[in-house]
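Descriptive analysis of the structure
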Amino acid sequence: MLSRRHFCCAGVLAGTTAPFGRALAADQCTALTRERQAALSPDEILKELKAGNERFLSQTMRNCDLLGQVRATAGGQFPVALVIGCIDSRVPPELVFDQRIGDIFSARLAGNIVDDDVVGSAEFATRLAGAKLIVVLGHSECGAVKGAIDGAELGKLTQLLHRITPAIEANRTAPGEHTSKNKDFVQQVATTNARLAAQGLQQESQVLRDLVTRNELRIVAAMHDVASGRITFLE
Ligand SMILES: [Zn+2]
């Protein structure tokens, strides 16, 4: 069974500032438009998300009028990225990347797993809705990863955790005990799990593969540290 120990811990803020994307800097609080979405490249969007995490870490978040954003996006949305993350309450993509209403799609399942419905959501977000970057965002101290490592079983969660098995198997020669008590092993499996999910998206979807081939989409994996708020991209 899963225990309370699998879902723990706290966070602190620390870090530095960095300039953010030229195309998005014009007006920090203007909602994205079709034209702006079309003008940004996948690399520029990645740069903006990195800058957003730096703003979060340095407590210089944009602090826009969210209701104003609601009104500005009521007629349509032009998000530039999709973040595939875990349901963990400490890793809300919009906050840790300092993004606003209408900026990014967000798909969240325990352990940031990618199943057919997540792939379908990714196809919608990119091919149909114009997002050009997918970030698979794993995180430290992930309860789902710990549960998978310990072979936890509970209702339908059991089958979800089985999706993390390939990441555990990929680390079968890692040093130390292979239980959730070994922090290094948990981190290693979580990192592999994010990488495999990013690779899996392309393997599973011709639609996504075609977009990547045409340089209209970039798919990357990243890890969020729940103790610092810092996001490290795995490139
Ligand atoms: Zn998690």
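**Some thoughts on the sheet that holds strand 1 (residues 81–85)**
Read across the open sheet, the five strands follow the order 2-1-3-4-5; overall the sheet is mixed. The open sheet is flanked by strand 2 (104–108) and strand 5 (231–234), the only strands paired with a single partner. Taken pair by pair, the neighbouring strands of this sheet meet at an average axis angle of 25°, ignoring direction. Here strand 1 runs beside strand 2; their pairing, made up of five bridges, is parallel. When the bridges of strand 2 are listed, I84 appears paired with A107. Taken strand by strand, helix 10 (residues 183–204) contacts strand 1, strand 3 (133–139), strand 4 (218–224) and strand 5, and its axis lies near 165° from that of strand 4.

**Quick notes on the packing of aromatic side chains**
Each aromatic ring pair is described using two quantities: the centre-to-centre distance and the angle formed by the ring planes. One pass over the structure, following the stated rule, counts two aromatic pairs. Their ring planes at 40° and their centres at 6.3 Å tell us that F97 and F233 sit as a pair that is tilted. Pair noted here: F97 is in the loop between helix 5 (93–96) and strand 2 and F233 is in strand 5, with a separation of 136 residues, a long-range link. Accessibility expressed as a relative area gives 13% for F233, which makes it buried.

**A word on the environment of R34**
Here R34 shows up in helix 2 (residues 34–39). With 95 residues separating them in the primary sequence, R34 and A129 have C-alpha atoms 9.8 Å apart.

**Section: the nonpolar core**
By size, the foremost hydrophobic cluster in this structure holds 43 residues, and its most contacted members are L82, I84, I134, V145, I164, V189 and L201. Ignoring sequence-local partners within four residues, the contact set of L201 consists of I84, V114, V119, A122, I134, V136, L208 and I219. Listed in part, the 22 residues of the second largest apolar core include I45, F56, V91 and V135.

**Examining the packing of helix 10 against helix 11 (residues 206–213)**
Closest axis-to-axis distance for the helix 10/helix 11 pair is 5 Å, and the angle between their directions is 100°. In this view, helix 10 runs roughly perpendicular relative to helix 11, as classed from their interaxial angle. Only Q206, L208, R209 and V212 of helix 11 make contact with helix 10, whose side of the interface consists of L201, Q202, Q203 and E204. Considered class by class, the residues forming the contact of helix 10 with helix 11 number three nonpolar, three polar and two charged.

**A short note on the pattern of salt bridges**
Here the idea is simple: oppositely charged side chains can pair when their charged atoms come close. Inspection of every chain in the model, using the stated rule, returns 13 salt bridges. Where D98 meets R55, a salt bridge forms, and the shortest distance between an N and an O atom there is 2.6 Å. With D98 in the loop between helix 5 and strand 2 and R55 in helix 3 (residues 42–57), the pair connects residues that are 43 residues apart, well separated along the chain. Among the ionic contacts, a cluster of salt bridges with common partners joins E48, R55, R62, D98, R100 and D103.

**Things to note about the packing of helix 6 (residues 116–128) against helix 11**
Contact geometry for helix 6 and helix 11: axes closest at 9 Å, N-to-C directions at 35°. Here helix 6 and helix 11 pass one another in a crossing that is left-handed. For the pair formed by helix 6 and helix 11, the contact residues are A122, E123, T126 and R127 on the first element and V207, L208 and L211 on the second. By residue class, the composition of the contact of helix 6 with helix 11 is four nonpolar, one polar and two charged.

Scoring rules and cut-offs
- Residues numbered from 1 in each chain as written.
- Predicted model: local features only at pLDDT ≥ 70, side-chain atom pairs only at ≥ 80, totals over all residues.
- Heavy atoms only, no water.
- Pairing = 2+ DSSP bridges.
- Helix = DSSP H or I, 4+ residues; strand = E, 2+ residues; numbered from the N terminus.
- Axes fitted to C-alpha atoms, helices over the stretch in contact; angles between N-to-C directions.
- Contact = heavy atoms within 4.5 Å.
- Phe/Tyr/Trp six-rings, centres within 6.5 Å; stacked < 30°, edge-to-face > 60°.
- Buried < 20%, exposed > 50% of the residue type's maximum accessible area, 1.4 Å probe, protein only.
- Core = buried A, V, L, I, M, F, W, Y, C linked by side-chain atoms within 4.5 Å.
- Parallel < 35°, antiparallel > 145°, perpendicular 65-115°, else oblique.
- Nonpolar A, V, L, I, M, F, W, Y, C, P; charged D, E, K, R; others polar.
- Salt bridge = Lys/Arg side-chain N within 4 Å of Asp/Glu carboxyl O.
- Left-handed = near helix turned anticlockwise from the far one by under 90°.

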